[in-house]
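Spelled out, the chains give:
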Amino acid sequence: MVKMVRYKAIISYDGSDFCGFQRQINGRTVQEELEKTLSKMANQEILVHGSGRTDSGVHALGQVIHFDFPQDRDLEKMRFALDTQSPEDIACISVEKVSEDFHARYHVVEKTYEYRLQIQKPRSPFRRKYAAYYAYPLNIEKMQRAITDFLGTHDFSAFCASGSSVEDKVRTVYEANIRQDEENGELVFTFRGDGFLYKMIRIMIGTLLKIGNERMPVDAIPAIIASKDRNQAGPTAHPEGLYLKRVKYE
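Predicted, not measured: the structure shown is a model, and the values here were computed from it.

How each quantity is defined
- Residues numbered from 1 in each chain as written.
- Predicted model: local features only at pLDDT ≥ 70, side-chain atom pairs only at ≥ 80, totals over all residues.
- Heavy atoms only, no water.
- 1 Å grid on protein atoms, 1.4 Å probe; cavity = no way out; pocket = protein on both sides within 12 Å on 5 of 7 lines; lining within 4 Å.
- Points joined across faces, edges and corners; volume = space filled by probe spheres on them.
- Helix = DSSP H or I, 4+ residues; strand = E, 2+ residues; numbered from the N terminus.
- Nonpolar A, V, L, I, M, F, W, Y, C, P; charged D, E, K, R; others polar.
- Domains from an automatic or database assignment.
- Buried < 20%, exposed > 50% of the residue type's maximum accessible area, 1.4 Å probe, protein only.
- Arc of directions from axis to C-beta.
- Contact = heavy atoms within 4.5 Å.
- Polar contact = N/O pair within 3.5 Å; in protein donor to acceptor, adjacent residues only side chain to side chain.
- Buried area = accessible area lost by both parts, 1.4 Å probe.
- Salt bridge = Lys/Arg side-chain N within 4 Å of Asp/Glu carboxyl O.
- UniProt positions renumbered as here; feature names shortened; annotations may be inferred.

Q: When you look at the layout of surface pockets in this model, what are you seeing that I'm missing?
A: By volume, the largest pocket is sized at about 1100 Å³. Lining the largest pocket are 33 residues, with Gly52, Arg53, Arg105, Lys111 and Phe196 positioned closest to its centre. Secondary-structure elements contributing two or more residues to the lining of the largest pocket are strand S2 (48-50), strand S5 (108-118) and helix H4 (200-212). Of the residues assigned to the lining of the largest pocket, the class counts are 13 nonpolar, twelve polar and eight charged. Looking at which domains feed residues into the lining of the largest pocket, each of domain 1 (5-97) and domain 2 (109-249) gives three or more. Approximately 160 Å³ is the volume attributed to the second largest pocket. Around the second largest pocket, the lining is made up of 13 residues, and of these Tyr134, Leu209, Thr236, Ala237 and His238 lie nearest the centre. At three residues, the largest contribution of residues to the lining of the second largest pocket is made by H4. Considering only residue class, the lining of the second largest pocket consists of eight nonpolar, three polar and two charged.

Structure representation (C-alpha cells):
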C-alpha cells in the first residue's frame with residue numbers, strides 16, 4: 001500500500017469560463033480540471049477538496065485546496081507541474097505538505113473577498129469579465145456609512161440565496177469597507193469574516209447599491225438583518241466582480 005502524502009495548494013483562477021468551483025454533471029468546473037491534472041500526474045484517481053465553492057463566473061486570487069498524492073515530491077516541482085499542466089485559466093501559486101488531518105474546508109477560520117464594480121462612463125469593455133458595471137448615480141458616502149452595519153455577529157438569513165442547505169446562518173464579519181480605485185474607475189468592496197453564506201456578498205453588494213442609488217434608506221441594513229427575510233434585501237449583484245482573495249487557517 002502506497003503511503004499518500006497530503007498537500008495543500010493555493011490556486012488562482014479566472015472564473016469566466018467555469019460553472020463554479022464544485023464538480024458538476026454538466027459544465028466545466030475548477031475542481032474537475034484540477035482532478036484531471038492531478039490524476040494524470042499520479043497515474044491514478046486523485047480527489048481535490050476546496051476551501052469552499054465559488055459560483056459560476058466568480059474568480060479566485062487565493063483559493064485553497066488539499067489532495068492526497070501517492071508520492072513525496074519536491075514542492076516547487078509539484079507546484080510547477082500543477083501550474084503548467086492545468087488549463088491556462090488556473091494557476092498554482094504555492095504548494096506545501098500538511099498533516100493528514102488537515103482539511104481545506106473544515107479548518108478555515110477566516111475568508112476575505114473583494115468585489116470590483118466599474119462606475120466610470122463610458123465603461124471599459126476590457127473589464128467586463130473582471131468587474132461588474134453599474135450605470136446609475138451612486139452616493140458613495142452613504143454606501144460607506146451603511147456598509148459598517150454588516151460588521152459583527154448576526155444571523156444573515158436575509159442575505160442568503162435560496163438553495164442553501166446550511167441551517168446555521170450566523171456569521172461574523174470582521175471587516176467591511178469600500179475604497180475608490182481611481183485608476184480603473186472602480187469601487188472596491190472588501191469583506192472579511194469567519195465564513196459567508198450562499199451568494200451572501202453579492203446580496204450585500206446589491207443592497208448597498210440600492211442605498212447608494214437612494215432607493216433604500218442609509219440605515220436600512222440593521223432592520224433587514226433583523227427581518228431574516230431575503231425579500232427585504234437588495235438584488236444579487238453580478239458574479240464577475242467577485243474574487244475570493246484569501247483563506248486563513250489556524
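Q: I would appreciate a short explanation of helix H2 (residues 75-85) in the present structure.
A: It helps to recall that an α-helix has 3.6 residues per turn; residues three or four apart then point in one direction. The complete set of buried residues in H2 reads Met78, Arg79, Ala81 and Leu82. Considered in projection along H2, the buried side chains sweep an arc of 165 degrees and stay on one side of the axis. For H2, the elements touching its buried residues are strand S1 (5-13), helix H1 (30-42), strand S3 (59-69) and strand S4 (90-97). Two to three positions downstream of the cap, the backbone nitrogen of Glu76 sits 3.2 Å from a side-chain oxygen, assigning the N-cap of H2 to Asp74.

Q: Before we go on, may I ask you to explain the domain arrangement of the protein in this structure?
A: A common measure of how large an interface is: the accessible area buried when the components associate. Domain boundaries in the protein define domain 1 (5-97) and domain 2 (109-249). The C-alpha centroid of domain 2 is placed 27 Å from the C-alpha centroid of domain 1. Surface buried jointly by domain 1 and domain 2 totals about 1300 Å² across both partners, of which 56% is contributed by carbon and sulfur atoms. At the junction of domain 1 with domain 2, the criterion picks out one salt bridge. Two residues, Arg202 and Asp55, come together in a salt bridge whose shortest N-O distance is 3.4 Å. Inspection of the domain 1/domain 2 interface yields ten residue pairs in polar contact (both at pLDDT 80 or more). Considering each element in turn, the side of domain 1 that touches domain 2 owes the most residues, six residues, to S3.

Q: Explanation requested: the UniProt feature "active site" (unreviewed entry) in the protein in the structure shown.
A: Under the feature "active site" (unreviewed entry), the UniProt entry names Asp55. Summarising the element assignment, Asp55 is placed in the loop between S2 and S3. Leaving out residues up to four positions away in the same chain, Asp55 has contacts with Gly20, Tyr198, Lys199 and Arg202.

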